[in-house]
Amino acid sequence: MSTASEEGLGGGRLLVALDRIQEQGAPRTVAGWKALAQGLLVDECCALHRNREISSCYAWAYLALPTCFKWAGMAAIASHHVRVALLPLHLHPGLRGSARRQGPERWRVLTGDVDTLRATNNAIFDDLFWVHLAYLTSQDGITLLRALLRDEPRYAPVLAGFEALDQARQVLEDATASPAARGRARELVWRGNLLLLEHEQRVVVQPRFDRLSGRYAWAVSVGSATTFETRGPCQAIDYFTSFYLYTLARADQRASGARGWPRITDYDDRWRWLASSVVPRFRRFEAEPQVIGAILRRILDEDGHRDTARAA
């Protein structure tokens, strides 16, 4: 196992997983790895606490291997922001449990839409976090993933992404690699992470976003913005991007009025924003390791490692 996987504030979380692997053996199936990852979280009914733990798991994964796990860093911050959208499930007693089917129609619609966001957040974790966990906790992570995913066509883009990450990692950890080789490896890392992001958006997110009501989908489109916490308003502008401002500023969008307003629930609209605006801003933001490290450690601190004690 790489020593990188034992570093950082996520060490306690990793030790829980390692203890289970030592006691029970490493899972031999995708389902087994998913169950191991799910064991680090509270029950789904605790929406906000579960979201906090999901964000913390992503933060731990990034800090364990920051040279390669870019998707995990973006996912930690994105999941952290999702908590605001989940507040109605926490604040309004009529939106919890079986009571969600009761009350005025507007509350039932709101509940269904917010619950869809909650389910999407959970589904992304279930689909992709275990892959990072398996790679990190194995002596030969890529060989393990090949064995697990070779007969899983749905995961072909994920395996291709990790193949790219592993290939780039070998170069980046080679002290004799030339600057040019390192530069190519860093670009390969991002190509691999884009494959993970595309899989997440197309396979996991899109089928669930298709269920959102039209009014809520419009509200989410207008309100969708990404910012990476920074050390002042000038830097905040550099790292801020709004879906609507981005899409409306595009000449081809303005010229295609017949197509209708851009929607974040539309895969093509959303992917253009993510690939052309969100990811480049994250890359600039990540160029300051001390800043992103502090933010992700704060996400870990907010979790308070409650899951480590619970899963032990």
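See the structure shown above.
Residues numbered from 1 in each chain as written. Predicted model: local features only at pLDDT ≥ 70, side-chain atom pairs only at ≥ 80, totals over all residues. Heavy atoms only, no water.

Asker: What am I meant to see in the overall build of the chain here?
Answerer: Helices and strands together make up the secondary structure of the chain, namely 16 helices and 2 strands. Expressed as a percentage of its 312 residues, the buried residues of the chain come to 49%. About 14800 Å² of surface is accessible on the chain, with carbon and sulfur atoms providing 56% of the total. (Helix = DSSP H or I, 4+ residues; strand = E, 2+ residues; numbered from the N terminus. Buried < 20%, exposed > 50% of the residue type's maximum accessible area, 1.4 Å probe, protein only. Areas by Shrake-Rupley, 256 points an atom, 1.4 Å probe, with all protein chains shown as cover.)

Asker: How should I be thinking about the environment of Glu173 in this particular structure?
Answerer: With respect to the helices, strands and loops of the structure, Glu173 is situated in the loop between helix H8 (156–172) and helix H9 (179–209). Expressed as a C-alpha distance, the spacing of Glu173 and Thr67, which sit 106 residues apart in the sequence, is 9.5 Å. A distance of 2.9 Å separates the side chain of Glu173 from the side chain of Arg169, its partner in a polar contact. (Polar contact = N/O pair within 3.5 Å; in protein donor to acceptor, adjacent residues only side chain to side chain.)

Asker: What is the right way to read the packing of helix H3 (residues 47–64) against helix H15 (residues 289–303) from this model?
Answerer: Between H3 and H15, whose axes approach to 8 Å, the crossing angle comes to 140°. The pairing of H3 with H15 is recorded here as oblique in orientation. For the crossing formed where H3 meets H15, the hand is left-handed. Taken together, the residues of H15 that come into contact with H3 (itself represented by Arg52, Glu53, Ser55, Ser56, Ala59, Trp60, Tyr62 and Leu63) are Ile292, Gly293, Leu296, Arg297, Ile299, Leu300, Glu302 and Asp303. Taken together, the residues of the contact of H3 with H15 break down into 8 nonpolar, 3 polar and 5 charged. (Axes fitted to C-alpha atoms, helices over the stretch in contact; angles between N-to-C directions. Parallel < 35°, antiparallel > 145°, perpendicular 65-115°, else oblique. Left-handed = near helix turned anticlockwise from the far one by under 90°. Contact = heavy atoms within 4.5 Å. Nonpolar A, V, L, I, M, F, W, Y, C, P; charged D, E, K, R; others polar.)

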